[in-house]
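These are the residues of each chain, in order.
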Protein chains: 2
Amino acid sequence: MEGDPALRLRVFDLNCWAIRYLSKRRQERIRLIGDMLRQEDFDLVLLQEVWSERDYSDLKVKLGGCYPFSHYFRSGVIGSGLCVFSRFPILDTLLYQYSLNGYPYMLQHGDWFCGKSVGLVIITISGIIFNIYVTHLHAEYCREKDAYLPHRLVQAWELAQFIRHTSKAADVVLLGGDLNMHPEDVGIRLLRGWTGLRDAFAEATHFEGCEDGCTLVPNNCFTDKSELLPFPLGIRIDYILYKAISSFMVKCEELKTTTGAAPGMDVPFSDHEAVMATLHIQRQGQAAGATLATAEPMLVDVVTEARTEVAVGLRAAQRQRYSSGRMALLALLLLLLQAVAALGALAGLDAGQPFPKLSFCLLACLAIGILLLATGLHLFHTMEVKMLHSTEEQMRMVLRTLQECPSDG
Amino acid sequence: MEGDPALRLRVFDLNCWAIRYLSKRRQERIRLIGDMLRQEDFDLVLLQEVWSERDYSDLKVKLGGCYPFSHYFRSGVIGSGLCVFSRFPILDTLLYQYSLNGYPYMLQHGDWFCGKSVGLVIITISGIIFNIYVTHLHAEYCREKDAYLPHRLVQAWELAQFIRHTSKAADVVLLGGDLNMHPEDVGIRLLRGWTGLRDAFAEATHFEGCEDGCTLVPNNCFTDKSELLPFPLGIRIDYILYKAISSFMVKCEELKTTTGAAPGMDVPFSDHEAVMATLHIQRQGQAAGATLATAEPMLVDVVTEARTEVAVGLRAAQRQRYSSGRMALLALLLLLLQAVAALGALAGLDAGQPFPKLSFCLLACLAIGILLLATGLHLFHTMEVKMLHSTEEQMRMVLRTLQECPSDG
């Protein structure tokens, strides 16, 4: 591509659903993904939910010939699950772990243990600096009553802020990942509005794949059909977004998704469909400058909407902090009462029927257990309150700036 | 300052030692700090250990007239303690929480609960873009056997990476804070070498204050004299560092420190001395480019040294992960044995002397307690291993790049 004024970049993005012991036919699918990536000549491969480092290493060995450069982002207890394979040298990397990511006691959801993050890798191709971001936001388990919406909005906000602050020297910004948000959701509008990123699906000249670009479709044998009942076509939650910062222009020539099982195979690559974009990057005469995709009055509305949701989450977190604190205090009180009773008994002051020793000890153990648990919860919800409060304040500051001097937005 | 080609910037940095209920004469000192800041006309004030948001609000009210712009960084359970006051509008902020920061069970040290972070605020003065960073790294409790050295090195590395990635559009970069490292320590050399930041104390044309620029001195009535015994002059752990990125030149005209109690007062501002720098910023003909302060062969040595220390920490964390995992397994085994015994007793299979009920229940409670605690520890040390491993790998990658193509370093 050297010397060519126009650059064509093929990007592959997939949530691989590769959870050890839990994901069906994991090893077989990882093998299939590796085979396919080796056959197709993408320039960049952005993967999520590669939770096992062994799977990453296997892919690395298999793809070493065609994608000699790669990076795996470690984080949390299990790992971020994020990795990148590239045909071009990776010059630098950075990981930003989201400050909120669900609750450690929601074991059945488990997002907290993954340390959800955004990973950045920097590459240059023909002198053009690319900032490539890969991420995976908190899952949505119940759309009607989405308890994780404030956390996901904090993540979307931190993602946008991280991109804005780290991409100032980039010529082209590219974000791929499972955002766990529908295209019209407030988090996506916030992310796009505040960063100026454009949606490859919406911008693509040519599209081929699942209807409406859906990436979680009933046609895929691994998806939960009952969850998709309200969406007969499926939902679109995996994205490739991009923008050019300086004097470059990016166009999405073609966007494709997989459509369930690939031809000649009985198993899809994952429960998600892969998103594949062909981008056309060209140097243009004058610098475009950093522009926001959303008109400012609309951006004000989006930030206001997001701030309202974060404020709702803040109040819920404050209530939980209060209840857990009260529970800890009650347990402490019970323990103190027991200590007084025990001392009284030792001093021979007890009158009437003595409390059975066994029940007394069990009660004390229970009180200690509740005290420790409630204290832990209280600390956790204190942190949650801090981060929600901080995000809400940042959004308020941005709103003030947007409203005061709209031209500087 | 508009239209003036040279800019003079006065920066104030102080670790305020304002821990509610613990720090001596806290409110009085916060009042004194506020009074002094109002009298002196600094341009930027970078504070650490302002743990109480109430103290921040009091300062904000008091300083509103002379420093109309300010930001408080919230993080962790207690808060990051970081805040910034500025005479110039704060355009944007970002917080990066370090991935490692001590241990939650080291209650007597408590660093973990603070969510140690680096805060970034962006301001422009006369069209010059300033990226201002404020931070506070993990404390050093025992210099001879510093168990927190690997964590502090990870923090220094993440600080350097965060600065490198977020400052690419800045004209001037400024870092102030309590780094908890002596000037010759590997962490400081790593930070300076990898970012190109220069030490205001070493560069100052004129210096006034504690000998050797020390900021923790025996002369201060709040410092622990026994800790400073090996250092009769005190130690220097609070810094103002800076660099110009593009076509600007920064010089430190003057550096001052406070020297224990201020004249006419019987109480110092804090147990740390404040650092005050007057910087001279001038536009210069050609762009200086992003240069590293340390020559590359020396940088290779520094990164190698840091990597060795991180690897030592990694091995210790792996050992702790292993022991806590083994402990959890043993507790689980004990519980299972008890369950079998209880079931046996219920089925009337027990022969001989029965185990007393009270001891049996207490043992079960103990086993459950150990199981929960050991599992928590195991998860924590798994995260620790992940982050140390990740940092070690990043350093290895940087070393390879530095050694392979030294001119691109």
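Bear in mind that the values here come from a model prediction, so they are computed numbers and not experimental data.

### Examining the domain arrangement of chain A
All names here are of chain A.
So, step 1. As far as domains go, chain A holds domain 1 (7-283) and domain 2 (295-404).
So, step 2. One C-alpha centre belongs to domain 1, the other to domain 2, and the line joining them spans 35 Å.
So, step 3. Contacts between domain 1 and domain 2 engage 19 residues on the former and 19 residues on the latter.
So, step 4. Taking both sides of the interface into account, the surface hidden between domain 1 and domain 2 amounts to around 1,700 Å²; carbon and sulfur atoms contribute 78%.
So, step 5. Linking domain 1 to domain 2 there are one salt bridge.
So, step 6. One salt bridge in this structure joins Glu305 and Arg189, with 3.0 Å as the shortest N-O distance.
So, step 7. Put simply, domain 1 and domain 2 have six residue pairs in polar contact (both at pLDDT 80 or more) between them.
So, step 8. Take the side of domain 1 that touches domain 2: its biggest share by element is seven residues, from helix 3 (residues 149-166).

### Quick notes on the pairing of strand 7 (residues 128-136) of chain A
Residues and elements named next belong to chain A.
So, step 1. Extensive coverage of strand 7 is indicated by the burial of eight of its nine residues.
So, step 2. Where strand 6 (residues 117-125) folds back onto strand 7 in an antiparallel hairpin, the turn is made up of two residues, including Ser126, whose phi is positive at roughly 50°.
So, step 3. As a crossover connection, the stretch from strand 7 through helix 3 into strand 8 (residues 172-178) is right-handed.

### Thoughts on the interface of chain A and chain B
So, step 1. Listed as interface residues are 40 residues of chain A and, on the opposing side, 40 residues of chain B.
So, step 2. When the buried surface of chain A facing chain B is broken down by residue, A:Arg74, A:His165 and A:Lys386 rank first, second and third, together holding 19% of it.
So, step 3. Counting every contact that joins chain A to chain B gives four salt bridges.
So, step 4. A salt bridge links A:Arg164 to B:Asp92; the shortest N-O distance between them is 2.8 Å.
So, step 5. There are 18 residue pairs in polar contact (both at pLDDT 80 or more) connecting chain A and chain B.
So, step 6. Taken together, the elements giving at least two residues each to the side of chain A that touches chain B come down to strand 5 (92-97), strand 6, helix 3 and helix 7 (357-404) of chain A.
So, step 7. A per-element tally of the side of chain A that touches chain B places helix 7 of chain A first, with 15 residues.
So, step 8. Here the side of chain A that touches chain B is composed, by residue class, of 20 nonpolar, 12 polar and eight charged.

### A closer look at the pattern of salt bridges
Oppositely charged side chains can pair when the atoms bearing their charge come close.
So, step 1. Summed over the entire model, instances satisfying the criterion amount to 42 salt bridges over all chains.
So, step 2. Its salt-bridge partner being A:Arg396, residue A:Glu393 comes within 3.9 Å of it at the nearest N-O pair. Of the two residues, A:Glu393 and A:Arg396 are both situated in helix 7; the distance of three residues between them amounts to about one turn of the helix.
So, step 3. For A:Glu393, a relative accessible area of 22% puts it in the partly exposed group.
So, step 4. The salt bridge involving B:Glu392 is made with B:Arg307; its shortest N-O contact spans 3.0 Å.

### Details of helix 1 (residues 26-39) of chain B
Residues and elements named next belong to chain B.
So, step 1. Over its 14 residues, helix 1 runs 20 Å from end to end, which matches the ideal 20 Å to within 8%, given 1.5 Å per residue.
So, step 2. Those residues of helix 1 not exposed but buried are Arg26, Arg29, Ile30, Leu32, Ile33, Gly34, Met36 and Leu37.
So, step 3. On the buried face of helix 1, the contacting elements are strand 1 (6-18), strand 2 (44-50) and helix 2 (53-63).

### What to know about the environment of A:Asp111
Residue and element names in this part refer to chain A.
So, step 1. Here Asp111 is to be found in the loop between strand 5 and strand 6.
So, step 2. Relative accessible area serves as the criterion here: at 3%, Asp111 is assigned to the buried category.
So, step 3. Sequence separation between Asp111 and Gly76 is 35 residues, and the spatial gap between their C-alpha atoms is 9.8 Å.
So, step 4. Every residue in contact with Asp111, bar those within four places of it in the chain, is listed here: Asn101, Lys116, His138, Ala139 and Tyr141.
So, step 5. Within polar-contact distance, the side chain of Asp111 engages the side chain of Lys116 at 2.6 Å.
So, step 6. Within the structure, Asp111 has its side chain in polar contact with the side chain of Tyr141 (distance 2.4 Å).

About the thresholds
- Residues numbered from 1 in each chain as written.
- Chains lettered and ligands numbered in written order.
- Predicted model: local features only at pLDDT ≥ 70, side-chain atom pairs only at ≥ 80, totals over all residues.
- Heavy atoms only, no water.
- Domains from an automatic or database assignment.
- Contact = heavy atoms within 4.5 Å.
- Buried area = accessible area lost by both parts, 1.4 Å probe.
- Salt bridge = Lys/Arg side-chain N within 4 Å of Asp/Glu carboxyl O.
- Polar contact = N/O pair within 3.5 Å; in protein donor to acceptor, adjacent residues only side chain to side chain.
- Helix = DSSP H or I, 4+ residues; strand = E, 2+ residues; numbered from the N terminus.
- Buried < 20%, exposed > 50% of the residue type's maximum accessible area, 1.4 Å probe, protein only.
- Pairing = 2+ DSSP bridges.
- Right-handed = clockwise from strand over helix to strand, strands pointing away.
- Nonpolar A, V, L, I, M, F, W, Y, C, P; charged D, E, K, R; others polar.
- Expected span 1.5 Å × (residues − 1).

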